[in-house]
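Fold and geometry: a report
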Amino acid sequence: MAYPVDVGDRLQRPLVSWLPIYFEHETLGCLRIEYFQEERDFFEVKKMLNREIESGDTYPYKSVMNDEAFRAYFLSADAFVLRVKNPEDKSLDVVLGTFYVKPNFPGRSSHICNGGFITESHFRGRGLGRLMGKLFPFVGKALGYRASLFNLVYVSNEASLALWESLLYKPVGRIPDAGLLKGIGFTDAVQFYRDFADISFDELSSLEFF
């Protein structure tokens with residue numbers, strides 16, 4: 001996080017009134033995306049992030065986060081989870097993925113947001129990252145942002161590069177040797193930009209998410 005999130009700016013963001021939103025997955029069943037709830041999601045999502053940090057090839061952090069660091073980084077603005085009912089106990093939910101939305105820059109440039117995404121490792125390859133990625137511009141625009149910029153998409157992460165390009169994100173820069181990744185070494189990173197001007201909430205009901 002290059003800049004701290006201004007508290008005043010955060011408090012001015014509207015709520016995404018149309019969440020939760022539901023999706024039908026052919027093998028997983030009824031999925032829903034909704035706001036992160038600290039009491040039920042804090043430790044599970046923190047573990048997901050720390051596993052991703054330990055993998056050493058997608059996030060720039062080297063050390064896992066304690067509660068305070070996780071809250072300051074992942075929960076500094078708005079965070080969301082992708083859930084499904086536990087097939088063995090319908091009273092319980094399973095978190096399949098998560099993402100945050102927050103200003104990429106402070107003050108006069110805070111209309112450009114940033115996002116961080118994690119899909120639970122056991123559920124990758126089922127289109128869940130694409131689902132969150134497709135919904136992200138709608139959530140960002142509903143929160144009052146005008147565009148998004150992803151700062152560090154390492155070129156070794158081919159799935160992520162392909163995803164953002166397919167979702168109409170424009171590569172606007174390439175940073176040489178931006179990350180010293182575990183098992184890979186120094187790696188370039190691409191920056192992706194997406195303007196939200198063409199996002200229409202009327203499209204939500206007709207979009208094909210899978």
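The following refers to the structure shown.

Conventions used here
Residues numbered from 1 in each chain as written. Predicted model: local features only at pLDDT ≥ 70, side-chain atom pairs only at ≥ 80, totals over all residues. Heavy atoms only, no water. Salt bridge = Lys/Arg side-chain N within 4 Å of Asp/Glu carboxyl O. Helix = DSSP H or I, 4+ residues; strand = E, 2+ residues; numbered from the N terminus. Buried < 20%, exposed > 50% of the residue type's maximum accessible area, 1.4 Å probe, protein only. Axes fitted to C-alpha atoms, helices over the stretch in contact; angles between N-to-C directions. Parallel < 35°, antiparallel > 145°, perpendicular 65-115°, else oblique. Contact = heavy atoms within 4.5 Å. Core = buried A, V, L, I, M, F, W, Y, C linked by side-chain atoms within 4.5 Å.

All right, on to the pattern of salt bridges then. Across all of its chains, the model carries 12 salt bridges by this definition. Arg83 is the salt-bridge partner of Asp41, the closest N and O atoms lying 2.7 Å from each other. Of this pair, Asp41 sits in helix 2 (residues 38–55) while Arg83 sits in strand 3 (residues 78–86), and the two are 42 residues apart along the sequence. Each of the two residues, Asp41 as well as Arg83, counts as buried. The partner of Glu120 in a salt bridge is Arg51, and the shortest N-O contact between them spans 2.9 Å. Taken as a pair, Glu120 in the loop between strand 5 (112–119) and helix 4 (128–142) and Arg51 in helix 2 lie far apart in primary sequence, 69 residues in all. With relative accessibility at 10%, the residue Glu120 sits in the buried group. Here the residues in one salt-bridge network are Arg32, Glu34, Arg40, Asp41, Arg83, Lys85 and Asp93, joined through shared partners.

The subject of this paragraph is the packing of helix 2 against helix 3 (residues 67–74). Direction vectors running N to C along helix 2 and helix 3 enclose 95°, while the axes themselves pass 11 Å from each other. Taken together, helix 2 and helix 3 sit at an angle that is classed as roughly perpendicular. Between helix 2 and helix 3, the contacting residues are Glu38, Phe42, Phe43, Val45, Lys46 and Leu49 on the first element and Asp67, Phe70, Arg71, Tyr73 and Phe74 on the second.

Here the focus is the nonpolar core. Counting 39 residues, the largest nonpolar core has Ile33, Phe80, Phe99, Val101, Leu135, Phe136 and Trp164 as its most contacted members. Sorting elements by how many residues they give to this core places helix 4 first, with 8 residues. Dropping the residues within four chain positions of it, Leu135 is found in contact with Trp18, Ile21, Phe23, Ile33, Leu204 and Phe209.

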